[in-house]
Amino acid sequence: MSDNMTLWDKVSKTNPAHTKPVKLGRSITAIDPYRQIEAATEQFGAAGDGWGWSVVKTEFLSTNEVCCLVRLWHKSPDKFIEQWGQNGLYIDKKELKKDTDCMKKATTDGLTKCLSMMGFNADIFLGKFDDNKYVQQMQAEFAEPIVYEVDDNAIGWINAAKADASVLNQLKDAGYRAFIKEQAGV
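What counts and what doesn't
- Residues numbered from 1 in each chain as written.
- Predicted model: local features only at pLDDT ≥ 70, side-chain atom pairs only at ≥ 80, totals over all residues.
- Heavy atoms only, no water.
- Helix = DSSP H or I, 4+ residues; strand = E, 2+ residues; numbered from the N terminus.
- Rg over C-alpha atoms; globule rule 2.2 N^0.38 Å.
- Buried < 20%, exposed > 50% of the residue type's maximum accessible area, 1.4 Å probe, protein only.
- Contact = heavy atoms within 4.5 Å.
- Axes fitted to C-alpha atoms, helices over the stretch in contact; angles between N-to-C directions.
- Parallel < 35°, antiparallel > 145°, perpendicular 65-115°, else oblique.
- Left-handed = near helix turned anticlockwise from the far one by under 90°.
- Nonpolar A, V, L, I, M, F, W, Y, C, P; charged D, E, K, R; others polar.
- Phe/Tyr/Trp six-rings, centres within 6.5 Å; stacked < 30°, edge-to-face > 60°.
- Lys NZ or Arg CZ within 6 Å of the ring centre and 35° of its normal.
- Expected span 1.5 Å × (residues − 1).
- Pairing = 2+ DSSP bridges.

## Quick notes on the overall build of the protein chain
Counting its regular elements, the protein chain contains seven helices and five strands. Going from N to C terminus, the protein chain has its helices and strands arranged as α-β-β-α-β-β-β-α-α-α-α-α. Scaling as 2.2 N^0.38, a compact globule of 186 residues should have a C-alpha radius of gyration of about 16 Å, whereas the protein chain reaches 24 Å, well beyond that. Looking at the protein chain as a whole, 31% of its 186 residues qualify as buried. Counting only contacts in the protein chain whose residues sit at least 6 apart along the sequence, the fraction spanning at least 24 positions is 49%.

Okay, structure coming up:
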């Protein structure tokens, strides 16, 4: 792995628990923007200190959309990436209800685009989440390990296994069976 790919390799995989399906004419997978902000904070430090962003320019389009040019800097303000984010000015098709969060949404869109260009959640943007097998692989990779405790139920199984190891075959959960076997020393 080259040094150029270090950040990309650290942040390119996405925990499926931090995604949601979105229909925009076609189905896509969206990442929770605050998970991206959290990941950037893990890599660069606190926002405003090791990294940050600002809106450089705002434009209102004739299509009733707002576009924000977002500048994301990291390490120092002179090291930055810029991307446009956009959002509609209305939340309904008849354009009767204004979207009072349109500026925030356009800024967030620009910010997440900047982060994606640095490799954050690249697997989504590379289309890997279109493959169910890849998603299952990521679910397994990001799965929280199950921690078994020696409670009253476990003590019963441990004692039974010490008396007769064949009782372990009654336990359907392979992880729990291994835990009881280890605790029983059989």
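## Things to note about the packing of helix α2 (residues 33–44) against helix α3 (residues 102–117)
The N-to-C vectors of α2 and α3 enclose an angle of 50°; their axes lie 10 Å apart at closest approach. Relative to α3, α2 is oriented oblique. The interaxial crossing formed by α2 with α3 has left-handed handedness. On the side of α2, the interface is formed by Pro-33, Gln-36, Ile-37 and Ala-40, while α3 contributes Thr-108, Leu-111, Thr-112, Leu-115 and Ser-116. Grouping the amino acids of the contact of α2 with α3 by side-chain chemistry returns five nonpolar, four polar and no charged.

## Some remarks on the environment of Asp-3
The topology assignment puts Asp-3 in the segment before α1 (6–11). Looking at Asp-3, the relative accessible area reads 71%, which means it is exposed. Sequence-wise, Asp-3 and Asp-32 are 29 residues apart; in three dimensions their C-alpha atoms are separated by 28 Å.

## Observations regarding the packing of aromatic side chains
One pass over the structure, following the stated rule, counts six aromatic pairs. An aromatic cluster of at least three residues, connected via ring pairs, comprises Tyr-148, Tyr-176 and Phe-179. Against the face of Phe-80 rests Arg-71, its NZ or CZ located 4.0 Å from the ring centre.

## Thoughts on α3
The periodicity of an α-helix, 3.6 residues per turn, causes residues three or four positions apart to be oriented the same way. Counted at 1.5 Å a residue, the expected span for α3 with its 16 residues is 22 Å, and the 23 Å between its end C-alpha atoms agrees. Turning to α3, its buried residues are Cys-102, Ala-106, Thr-107, Gly-110, Leu-111, Thr-112, Cys-114, Leu-115 and Ser-116. Structurally, α3 contributes buried residues whose contacts are with α1, α2, β3 (51–60), β4 (65–74), β5 (76–88) and α4 (122–125). Where α3 terminates, the next one or two residues include Gly-119, which has phi positive at roughly 110°.

## Notes on the pairing of strand β1 (residues 19–23)
Taken across its five residues, β1 has zero buried, putting it largely on the surface. Connecting the antiparallel pair β1 and strand β2 (residues 27–31) is a turn made up of three residues, with Gly-25 showing a positive phi of about 85°.

## With respect to unusual backbone geometry
Across residues other than glycine, the phi torsion is negative in most instances, and most of the peptide bonds are trans. Phi is positive for Lys-75, close to 75°, though the residue is something other than glycine. Backbone geometry places Asn-121, a non-glycine residue, at a positive phi of 60°. Relative to the helices and strands, Asn-121 resides in the loop between α3 and α4.

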